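Breakdown of the fold
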Amino acid sequence: MLFGRTKVTMQYPEQKWDSNLPEHYRGAPALVKDETGRVRCVACQLCEFICPPRAIKIIPGEFSPNDKFAKVEKFPREFDIDMIRCIYCGMCEEVCPEQAIYLRKDYAITGFTRARHGP
C-alpha cells in the first residue's frame, strides 16, 4: 500500500457510494415537478440553446386561454434529453430561470432489464 492508503473493494450493487458522493458531483439532468405533479419548465428553450453537445430538444406547446395555468405562456409538449450526447456539464441547470432542471446525485442510471427503460 503506497502512501499509507488501503484499497477498498465495494460489493456493488449491494453497497453504493451514495453517502460518499462529493457535493460538487454532477449526475444526469432531470426535470423538476411541483407539488401537483406538473413540470416547472415553461419551455423557454434556454437550456436547449446553451447545451454544448445539443443533447436537449424541446417542442413547446401553449395553454388554452381558459386553463388555470394560462398565465404561463408555454409548456414543454416534448422535452427530450439524449443521454448518449449529454456531457454532464451543468450549463442547463445554471441557465434555467425557473429552476426546472437539475443534475441528479445518482450515478447508476441503468436498469436490470430492458423493459424498465423502454425500447
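Here, the structure is the one placed above.
Here we summarise the structure given alongside this text. (Residues numbered from 1 in each chain as written. Predicted model: local features only at pLDDT ≥ 70, side-chain atom pairs only at ≥ 80, totals over all residues. Heavy atoms only, no water.)

Quick word on the overall build of the protein chain
Definition in use: Helix numbering and strand numbering both begin at the N terminus, where a helix is a DSSP run of H or I of at least 4 residues and a strand a DSSP run of E of at least 2. Burial classes: relative accessible area under 20% of the type maximum marks a residue as buried, over 50% as exposed, and values in between as partly exposed (1.4 Å probe, protein chains only). The contact criterion used throughout is that any non-hydrogen atoms of two residues lie within 4.5 Å. Residue exposure ignores everything except the shown protein chains as possible cover, and the areas themselves are Shrake-Rupley values with a 1.4 Å probe.
Within the protein chain, the regular secondary structure consists of 2 helices and 4 strands. The secondary structure elements of the protein chain, listed N-terminal to C-terminal, are β-α-β-β-α-β. Across the 119 residues of the protein chain, 23% fall into the buried class. For the protein chain, the proportion of contacts with a sequence separation of at least 24, taken over those separated by at least 6, is 61%. A total accessible area of about 9,500 Å² is found for the protein chain, and carbon and sulfur atoms account for 53% of it.

Things to note about the nonpolar core
Counted only if it meets this: By convention a nonpolar core is built from buried Ala, Val, Leu, Ile, Met, Phe, Trp, Tyr and Cys residues, the set being connected through side-chain atoms within 4.5 Å.
Core analysis: the biggest nonpolar cluster contains 13 residues, and Cys47, Ile56, Ile58, Cys92 and Ile101 have the highest contact counts within it. In contact with Cys47, not counting residues within four places along its chain, are Ile56, Ile58, Phe79, Cys92 and Val95.

Things to note about the side chain of Glu48
Filter applied, for reference: All tallies of charge rest on Lys and Arg as positive and Asp and Glu as negative; His and the ends of each chain are not included. Here a salt bridge means any side-chain nitrogen of Lys or Arg lying within 4 Å of a carboxyl oxygen belonging to Asp or Glu. Counted as a polar contact is a pair of N or O atoms within 3.5 Å, where, for protein atoms, one must be capable of donating a hydrogen and the other of accepting one, and residues adjacent in sequence contribute only when both atoms are in side chains.
Structurally, Glu48 is set in helix 1 (residues 46–50). Although Glu48 lies buried, it forms no salt bridge, and the closest oppositely charged side chain, Lys57, sits 6.6 Å away as judged by the N-O distance. A polar side-chain atom of Glu48 sits 3.1 Å from a polar atom in the side chain of Gln45.

Some thoughts on the environment of His24
With respect to the secondary-structure elements, His24 resides in the segment before strand 1 (29–31). Classification of His24 as exposed rests on a relative accessible area of 65%. Each C-alpha atom of the pair His24 and Lys105 lies 9.4 Å from the other, and the pair is 81 residues apart in sequence.

As for unusual backbone geometry
Phi at Gln45 takes a positive value of approximately 70°, unusual for a residue other than glycine. Mapped onto the fold, Gln45 is located in the loop between strand 1 and helix 1. Exposure remark for Gln45: the relative accessible area of 18% places this residue in the buried category.

Remarks on the state of the cysteines
By definition, a disulfide links two cysteine residues through a covalent bond between their sulfur atoms. Quick note on the threshold: Criterion for a disulfide: a pair of cysteine sulfur atoms within 2.5 Å.
For the coordinates displayed, the defined rule picks out 0 disulfides. A disulfide-free cysteine, Cys44 has its sulfur positioned 5.9 Å from the sulfur of Cys96, the nearest such atom.

Some details on the environment of Trp17
Mapped onto the elements, Trp17 comes out in the segment before strand 1. Look at Trp17 and you get partly exposed, because its relative accessible area is 44%. Between the C-alpha atoms of Trp17 and Tyr107, which are 90 residues apart in sequence, the distance is 8.8 Å. Those residues in contact with Trp17 that sit more than four places away from it in its chain are Met10 and Tyr107.

What to know about the side chain of Gln45
A distance of 3.2 Å separates a polar atom in the side chain of Gln45 from the backbone oxygen of Ile58. Residues in contact with Gln45, not counting those within four places in the same chain, are Ile58 and Pro60.

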